[in-house]
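# Descriptive structure summary
Given next are the chains, with one letter for each unit.
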Amino acid sequence: MRNEMKLSFWSYSSNEGFARAAVAAFVAQADPTIEELADLKTAVSEAVTNCIVHGYRDGIGRIYITVCLEEGTATVKIRDQGCGIADVRRAMEPLFTTGGEERAGLGFSVMESFTDKLTVRSALGKGTTVTMRKQLSVRPSPEER
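Residues numbered from 1 in each chain as written. Predicted model: local features only at pLDDT ≥ 70, side-chain atom pairs only at ≥ 80, totals over all residues. Heavy atoms only, no water.

### Things to note about the packing of aromatic side chains
Evaluated as defined, the whole model comprises 1 aromatic pair. Ring geometry for phenylalanine 9 versus phenylalanine 18: centroids 5.8 Å apart, planes at 90°, classification edge-to-face. We classify phenylalanine 9 as buried; its relative accessible area is 5%. Its guanidinium or amino end placed over the ring of tyrosine 64, arginine 79 lies 4.2 Å from that ring's centre, counting from NZ or CZ. (Phe/Tyr/Trp six-rings, centres within 6.5 Å; stacked < 30°, edge-to-face > 60°. Buried < 20%, exposed > 50% of the residue type's maximum accessible area, 1.4 Å probe, protein only. Lys NZ or Arg CZ within 6 Å of the ring centre and 35° of its normal.)

### As for unusual backbone geometry
Within the chain, aspartate 31 stands out as a residue other than glycine whose phi angle is a positive 55°. Under the relative-accessibility criterion, aspartate 31 is labelled partly exposed at 33%. You will see that glutamate 71, though not glycine, has its phi angle at about 50°, which is positive. By the secondary structure assignment, glutamate 71 is in the loop between strand 2 (62–70) and strand 3 (73–80). (Helix = DSSP H or I, 4+ residues; strand = E, 2+ residues; numbered from the N terminus.)

### A few points about the nonpolar core
By size, the foremost hydrophobic cluster in this structure holds 31 residues, and its most contacted members are Val48, Ile63, Ile65, Val76, Ile78 and Met132. Put simply, the parts of the chain that give this core at least two residues each are strand 1 (2–10), helix 1 (15–27), helix 2 (34–55), strand 2, strand 3, helix 4 (107–114), strand 4 (117–123) and strand 5 (127–135). Sort the elements by how many residues they give to this core and helix 2 lands first, with 7 residues. (Core = buried A, V, L, I, M, F, W, Y, C linked by side-chain atoms within 4.5 Å.)

### What to know about the sheet that holds strand 5
Read across the sheet, 5 strands follow the order 1-2-3-5-4 without closing on themselves; strand pairing throughout is antiparallel. Each edge of the sheet is formed by a strand with only one pairing partner; in this case those strands are strand 1 and strand 4. The mean angle between the axes of side-by-side strands here comes to 10°, regardless of whether they run parallel or antiparallel. Bridging between strand 2 and strand 3 involves 8 bridges; their strand directions are antiparallel. Paired with isoleucine 65 across the bridge in strand 3 is isoleucine 78. With respect to the sheet, helix 1 is in contact with strand 1, strand 2 and strand 3, its orientation differing from that of strand 1 by roughly 170°. In the packing of helix 2 onto the sheet, the strands contacted are strand 1, strand 2, strand 3 and strand 5, and the crossing angle to strand 3 comes to about 10°. (Pairing = 2+ DSSP bridges. Axes fitted to C-alpha atoms, helices over the stretch in contact; angles between N-to-C directions. Contact = heavy atoms within 4.5 Å.)

So, in structure tokens, the structure goes:
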């Protein structure tokens, strides 16, 4: 069975927690382990923070999230229409940042380490889309335990 949800919100830093909680609430219906849910929440936090800090660094814009649950896999797509990334390959290198000294440059590395597959697509002046996939454990139903 396939189930999907979509949401959008303004790139205010206060909405990062909302995004994390909304994705976790939706994915919870698939009965993931606590660790799987925590991993997704961390990855979502990083992706949304990237939209806020880098994508819309000069203002406020919309962030779009789509979450799809299908055959034990959660696919989370987070998109902005911000400034875009000039060199995605370089941006994904650990410690690379455009956010100044206060940023560690580990966002994509964190997303990659907490998901099974990470894809980043970007176009200058048009925005960035981050797609993360996480395989969820197939746990026995209460009747099967």
